[in-house]
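Structural overview
Chain residues, written in single-letter form:
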Amino acid sequence: MAVKRIHLMNVPIDILPPEKLEETLLGLLERPGTKQIIFLSLWDFLKARRNTKFRECLTNAELVLPISKSLLKGAAFLNLEKPVRYNPFSTIISCLAILDSHYKSLYLFGGRKRALNKATKNVQATFRNIRLVGRYVGHYPKDMEKDIISAMYKATPSFVLVSDGVPEKDCWAYNRRNNFSSSLFLYNKDIINIFAKRTKRIPALIFDKGLEIWVEILYNPLKIFLILPYIGYRLSLLWCKVSKKKND
């Protein structure tokens, strides 16, 4: 694969040129076992720095793709090779297009029943060559999980799109990795609702400018307090750079 992994303050981030996405995705689909693609936001990055289990999940993922401009700036500040930033929605669409062109299979996991039904219809209408081998809602009773895992194992999907209502989010697949023979998992909280047209996706122009946090604050003003961990991140970068200079 054309992937290079760097570590930003001990958190893994992968550098994947966009033109190599198809080649890399197809390569992953051919490999046995449970595999993961993880979209890494700044807040996920900060979580990984303090949460060993989550950092372990990232370390074992096949692809950790940064979605925050702050992570790219942090890598540049510490003189690391600069990663490529990925837009989650457009990347998922690209992945589905690749699955479609190679007649691969898909499992949809998450969302409420009506949203999942609508999302399923829209995905099938758009990507006609994808074989939808199963689906299950999120927010499910805990005693249903064994049945969900069993059904997913039997379906052996090429790609599992995980969304809202699935506990442990990115870590769901990793913590159950011994239960699947060969599937690639990708988690995105909003994707089922976006496909169902219940949630609006971040406009590409706003994402490209790195202003998506202001959209989140518009819907939830309490997120303005995220400025505090952001300041902590900048201070950590500065401390890391100063410490490195002292050691050189």
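The notes below deal with the structure included here.

Conventions we followed
- Residues numbered from 1 in each chain as written.
- Predicted model: local features only at pLDDT ≥ 70, side-chain atom pairs only at ≥ 80, totals over all residues.
- Heavy atoms only, no water.
- Pairing = 2+ DSSP bridges.
- Helix = DSSP H or I, 4+ residues; strand = E, 2+ residues; numbered from the N terminus.
- Axes fitted to C-alpha atoms, helices over the stretch in contact; angles between N-to-C directions.
- Patch = residues over 30% accessible without salt bridge, like charges linked within 9 Å, V, L, I, M, F, W, Y side chains within 5 Å.
- Areas by Shrake-Rupley, 256 points an atom, 1.4 Å probe, with all protein chains shown as cover.
- Salt bridge = Lys/Arg side-chain N within 4 Å of Asp/Glu carboxyl O.
- Lys, Arg positive; Asp, Glu negative; His and termini not counted.
- Charge placed at Lys NZ, Arg CZ, Asp CG, Glu CD.
- Left-handed = near helix turned anticlockwise from the far one by under 90°.
- Contact = heavy atoms within 4.5 Å.
- Nonpolar A, V, L, I, M, F, W, Y, C, P; charged D, E, K, R; others polar.
- Buried < 20%, exposed > 50% of the residue type's maximum accessible area, 1.4 Å probe, protein only.

Take the sheet that holds strand β3 (residues 33-40) next. Strand order across the open sheet formed by 6 strands is β4-β3-β8-β7-β5-β6, with parallel pairing between neighbours. With partners counted over all chains shown, the strands left at the sheet margins are β4 (63-66) and β6 (131-136), one partner each. On average, each strand axis in the sheet is inclined to that of its neighbour by 20°, with strand direction left out of account. Note that β3 and strand β8 (residues 182-187) share 5 bridges and pair parallel. Following the sheet pairing, G33 is matched in β8 by S182.

Okay, a positive patch on the surface next. Among the surface-exposed residues, K113, R114, K118, K121, R135, K197 and R198 lie close enough to one another that they form a single positively charged patch. Tracing the sequence through the fold places K113 in helix α6 (residues 113-126).

Now for the packing of helix α1 (residues 21-30) against helix α5 (residues 88-101). As a packed pair, α1 and α5 sit with axes 10 Å apart at the nearest point and diverge in direction by 65°. You can see that α1 and α5 cross each other, and the crossing is right-handed. Judged by residue contacts, L21, E22, L25, L26 and L29 of α1 engage T91, S94, C95, I98, L99 and S101 from α5. Split into classes, the residues belonging to the contact of α1 with α5 amount to 7 nonpolar, 3 polar and 1 charged.

The subject of this paragraph is the pattern of salt bridges. Here the structure, examined in full by the defined rule, presents 9 salt bridges. Across the salt bridge formed by E145 and R176, the nearest N and O atoms sit 2.8 Å from each other. Within this pair, whereas E145 is found in helix α7 (residues 145-155), its partner R176 is found in the loop between α8 (171-175) and β8, the two being separated by 31 residues in sequence.

Turning our eyes to something else, we now look at unusual backbone geometry. A positive phi angle, close to 75°, is found at N10, a residue other than glycine. In this structure, N10 sits in the loop between β1 (4-8) and β2 (11-15). Residue N10 is classed as exposed on the basis of its relative accessible area, which comes to 62%.

With that settled, consider helix α4 (residues 69-77). Three or more residues of α4 are buried, namely S70, L71, L72, G74 and A75. Within two residues after α4, N79 carries a phi angle of roughly 60°, on the positive side.

Before going further, it helps to examine the pairing of β2. Counting buried positions along β2 yields 5 of 5 residues, so the element is predominantly enclosed. Neither face of β2 is exposed, since V11, I13 and I15 on one face and P12 and D14 on the opposite face are all buried. Joining the antiparallel neighbours β1 and β2 is a turn of 2 residues, in which M9 adopts a positive phi near 50°.

In short, the description is geometric, and any link to function would need to be established separately.
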